[in-house]
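# Residue-level structural notes
One letter stands for each residue in the lines below.
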Amino acid sequence: MRSFAGPSVAGRRVLITGAARGIGAALARRLAAKGARVALLGIEPELLAEVAAECGDVPWRYCDVADPAQVGRVIPVLIAELGGLDVLVANAGIAKQMAMVGGDASVLEETLAVNVLGVAYAVQAAGPYIAHADGYVLMMSSISSAVQLPLGGAYSASAAAVAALAETLRFELSSTGAKVGVTYFAGIDTDMTVRGFDTAAAHTILGGTSLAGISPIGPAVDAMERAVARRKATVYAPWWVAMARPLRPFAQLVVQRLHGNRVARAVEIARNEDAPFTTDQPARPRRMERQ
């Protein structure tokens, strides 16, 4: 009898950054359950160890993706333990509100260090192993690369940069047969989204509806599993994001109409609010400081 089953992730060797919790952890569990061989990176060792155990005692390592020396040292070790690499999921990311005028510019620097440089460092370390006919890199962008919210400039900039890196890498790897995908997600029910919106400034902008637009994590993980199996170029969740991106000017206007009258007050709050990053970060040297 002819089988109509689609491509499978079974047997694929997958390295996931930012795998201690959120989408990274959920994807690791899903892929391991479907027969993939996974390895995990992150900066929360206890949580990573728990996820690794749930995935069948798979290999994991502490690694700050914003530190190129760590990335260059750790990724080849994990790839050796996997016996090669078929998929890199560059998932590690952080967010924190920042007022463009009067806000702390170091928030932008730290966000770019993790969300953009961290992706680039991971790609550079894994690139020699992934550049083959079955290779695939999945990078995490966001609907915020096309439609921006106030106080989200640092995260939106990082999402747009990741999308640009992905398009560039797609061209550069085309001769090897490897493929590159980009996720465009809206608010997904993860620690990152919930913590990012759980500030006085964010509640002010959203007018008490901070979690009303949050989507369940399941469909996003489903979409990522399909992307890994089929090496898809673009991944959307929830479904309406696929329509919102081409309609960017209209979508941006809707956002401004919905929230515009509360922005000034929210920005004022944000300038004085000590909000944390969505994931606590290790101490790092400031890249932008003059020596």
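Residues numbered from 1 in each chain as written. Predicted model: local features only at pLDDT ≥ 70, side-chain atom pairs only at ≥ 80, totals over all residues. Heavy atoms only, no water.

### Topic: the pattern of salt bridges
Throughout the structure, instances matching the rule amount to 11 salt bridges. For Arg13, the salt bridge identified is with Asp86, shortest N-O distance 3.0 Å. A residue pair is termed long-range when its members are at least 10 positions apart, and Arg13 in strand 1 (residues 13–16) and Asp86 in the loop between helix 3 (68–82) and strand 4 (87–90) qualify at 73 residues. In terms of burial, Arg13 and Asp86 fall into one category: buried. A salt bridge links Arg30 to Asp222; its shortest N-O distance comes to 2.8 Å. Pair noted here: Arg30 is in helix 1 (residues 22–33) and Asp222 is in helix 8 (residues 217–230), with a separation of 192 residues, a long-range link. The exposure class assigned to Arg30 is partly exposed, which follows from its relative accessible area of 23%. (Salt bridge = Lys/Arg side-chain N within 4 Å of Asp/Glu carboxyl O. Helix = DSSP H or I, 4+ residues; strand = E, 2+ residues; numbered from the N terminus. Buried < 20%, exposed > 50% of the residue type's maximum accessible area, 1.4 Å probe, protein only.)

### Focus on a nonpolar patch on the surface
There is a patch of nonpolar side chains on the surface, built from Trp239, Trp240 and Met243 and spanning about 380 Å² of accessible area. For Trp239, the location among the structural elements is in the loop between strand 7 (234–237) and helix 9 (241–244). (Patch = residues over 30% accessible without salt bridge, like charges linked within 9 Å, V, L, I, M, F, W, Y side chains within 5 Å. Areas by Shrake-Rupley, 256 points an atom, 1.4 Å probe, with all protein chains shown as cover.)

### Section: the packing of aromatic side chains
Summed over the entire model, instances satisfying the criterion amount to one aromatic pair. The cationic tip of Lys96 hangs over the ring face of Phe277; the distance from NZ or CZ to the ring centre is 5.0 Å. (Phe/Tyr/Trp six-rings, centres within 6.5 Å; stacked < 30°, edge-to-face > 60°. Lys NZ or Arg CZ within 6 Å of the ring centre and 35° of its normal.)

### Focus on the packing of helix 4 (residues 106–130) against helix 5 (residues 153–173)
Contact geometry for helix 4 and helix 5: axes closest at 9 Å, N-to-C directions at 20 degrees. Judged on the interaxial angle alone, helix 5 and helix 4 are roughly parallel. The way helix 4 lies across helix 5 gives a crossing that is right-handed. Touching Val107, Leu108, Thr111, Leu112, Asn115, Val116, Val119 and Val123 of helix 4 are Ala154, Tyr155, Ser158, Ala161, Val162, Leu165 and Leu169, all from helix 5. Split into classes, the residues belonging to the contact of helix 4 with helix 5 amount to 12 nonpolar, three polar and no charged. (Axes fitted to C-alpha atoms, helices over the stretch in contact; angles between N-to-C directions. Parallel < 35°, antiparallel > 145°, perpendicular 65-115°, else oblique. Left-handed = near helix turned anticlockwise from the far one by under 90°. Contact = heavy atoms within 4.5 Å. Nonpolar A, V, L, I, M, F, W, Y, C, P; charged D, E, K, R; others polar.)

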